[in-house]
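# Residue-level structure breakdown
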Amino acid sequence: MLRVRFHGRGGQGAKVASRVLGTAAFIEGCYAQDFPLYGAERRGAPIAAFTRISPKPILERGVISEPDIVIILDETLLDDPIANPLSGIKEGGIVFINTAHSPAEAKDKFKVTKQVITLDITKIGLDMLGLPVLSTLAGGVASRIAGLKEDSLRNAVEKEASEILTDKSLVTKNVEAALYCFHAVQPVKVKTTETIQKGSPVIDVPFEPAVISSPTINTTGNTLLRKTGNWRVFKPVWNYEACTKCMTCVARCPDGCIAVNEDGFPYTDYDNCKGCMICVEECPVKAIEKVRDVHAW
Ligand code: SF4
Ligand code: SF4
């Protein structure tokens, strides 16, 4: 059995990526499972998704704690102790990181001991789809690493994209982007050995005690110390010459990160601006520009 774990940010498409992989494997004649695990359902919050692929019926259930392949859609998650995307990867496992950096640079920077594959799928998404939505692209990468066929991927993306997109041209673009990413990654052999997760094949996922599920701050992952602006793809930049000080942007920011300076102009807290671009859309005089923000190491 092949176990694949995806790590992404809410809104990036990790859940659909796991589904594309599962559907491609199913089309190819395998048994497959795919499912997500959300924390806070908030754009930008870390999420994980899982796919199991096997030629035999899959009895194992629950989250994948010992993956053969890890697909990381956002490199800033590698610094996030809550997401912890490198945990439990099996010997011989493979890590894919969405980054502009080479595998050697990424390995060194993030202290990864497993084989690393990199590709800047955010840039490919922006170039080919016009959006930083990575679902079908990450599905293409994962299908290649999992050793699936191009036709299986094509059919899976057509099926999954058609279910969520009404615009046929966007479905076609997603198929092209997924296939581009599939071919941009060299074929690899996953060398991990078959193991069943410890104990019963059914993983016991305990119900969270009330102290965790109630709205109490329990970990640093939920405190003021957690910066949510580190994974932005775009940032808002204000043009004060055009701004009429109407304060619409201040009112509309879902994270409350826009304040007003001494001259009465709005400005944002870039440490916590998540780059949703709602302020850009809502400004009645288009005084806020959407500017590409590239993570610098
Ligand atoms: S992009 Fe604008 S609306 Fe969105 S979080 Fe940043 S400042 Fe707020
Ligand atoms: S919405 Fe536009 S015009 Fe109004 S305060 Fe914000 S930037 Fe200025």
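In the block above lies the structure referred to throughout.
Within every chain, residues take consecutive numbers counted from 1 along the sequence as written. To label them, take the chains in the order written and letter them from A, then take the ligands in the order written and number them from 1. The predicted nature of this model means local features are confined to residues of pLDDT at least 70 and side-chain atom pairs, given and counted, to a pLDDT of 80 or more, with totals for whole chains, interfaces and linings taken over all residues. The side-chain values count all of the structure's non-hydrogen atoms but skip hydrogen atoms and water molecules.

Whether a residue is near a molecule or strand depends on its heavy atoms: it is near if one of them lies within 4 Å of it. Taken together, Pro 236, Cys 253, Pro 254, Cys 257, Ile 258, Thr 268, Cys 273, Lys 274, Gly 275, Cys 276, Met 277 and Cys 279 make up the full set of residues near ligand 1. Here the shell around ligand 1 is composed, by residue class, of nine nonpolar, two polar and one charged. Nonpolar residues are Ala, Val, Leu, Ile, Met, Phe, Trp, Tyr, Cys and Pro. Charged residues are Asp, Glu, Lys and Arg, and all others, Gly as well, are polar.

Between side chains of opposite charge, a pair can form when the charged atoms approach closely. When a carboxyl oxygen of Asp or Glu is within 4 Å of a side-chain nitrogen of Lys or Arg, the pair counts as a salt bridge. Under the defined criterion, the tally for this structure stands at 14 salt bridges. A salt bridge links Glu 60 to Arg 3, with the shortest nitrogen-to-oxygen separation between them at 2.9 Å. Of this pair, Glu 60 sits in the loop between strand E3 (46-54) and strand E4 (69-72) while Arg 3 is found in strand E1 (residues 2-9), placing the two residues 57 residues apart along the sequence. Burial status follows relative accessibility: with a 1.4 Å probe on protein chains alone, a residue under 20% of its type maximum counts as buried, one over 50% as exposed, and anything between as partly exposed. A relative accessible area of 1% means that Arg 3 is categorised as buried. Under the scheme used here, helices are H or I runs from DSSP no shorter than 4 residues and strands are E runs no shorter than 2 residues, and both carry numbers assigned from the N terminus.

So, about the nonpolar core. Nonpolar core, defined: a set of buried Ala, Val, Leu, Ile, Met, Phe, Trp, Tyr and Cys residues in which side-chain atoms within 4.5 Å join the residues together. With 43 residues, the main nonpolar core has Phe 6, Ile 71, Ile 121, Val 141 and Ile 145 as its most contacted residues. Ranked by the residues each element gives to this core, the list is headed by helix H6 (residues 168-184), at seven residues. Working rule for contacts: check all heavy atoms of both residues, and any pair within 4.5 Å makes them a contact. Setting aside anything within four residues of it in sequence, one finds Phe 6 in contact with Ala 14, Ala 17, Ser 18, Leu 21, Ile 47, Ala 48, Ala 49, Thr 51, Ile 71, Leu 73, Ala 138 and Ala 142.

Relative to the elements of secondary structure, Val 133 occurs in the loop between helix H3 (121-128) and helix H4 (135-145). When the C-alpha positions of Val 133 and Ala 14 are compared, they lie 9.3 Å apart, and in sequence the two are 119 residues distant.

What follows covers the sheet that holds E1. Strands in a sheet are paired, the pairing made by backbone hydrogen bonds, and the direction either parallel or antiparallel. Strands sit in the order E2-E3-E1-E4-E5-E6 across an open sheet of six strands; the sheet is mixed. Of all strands in the sheet, those bounded by a partner on one side alone are strand E2 (31-38) and strand E6 (115-119). Between one strand and the next, the sheet's axes are offset by a mean angle of 15°, whatever the strand orientation. Here the rule is simple: two strands pair whenever DSSP picks up at least two bridges between them. As paired strands, E4 and strand E5 (residues 94-98) are joined by four bridges and run parallel to one another. Note on method: axes are straight lines fitted to C-alpha atoms, helices fitted across the in-contact stretch only, with angles between N-to-C directions ranging 0 to 180 degrees.

Read these as layout, nothing more, since geometry by itself doesn't imply function.
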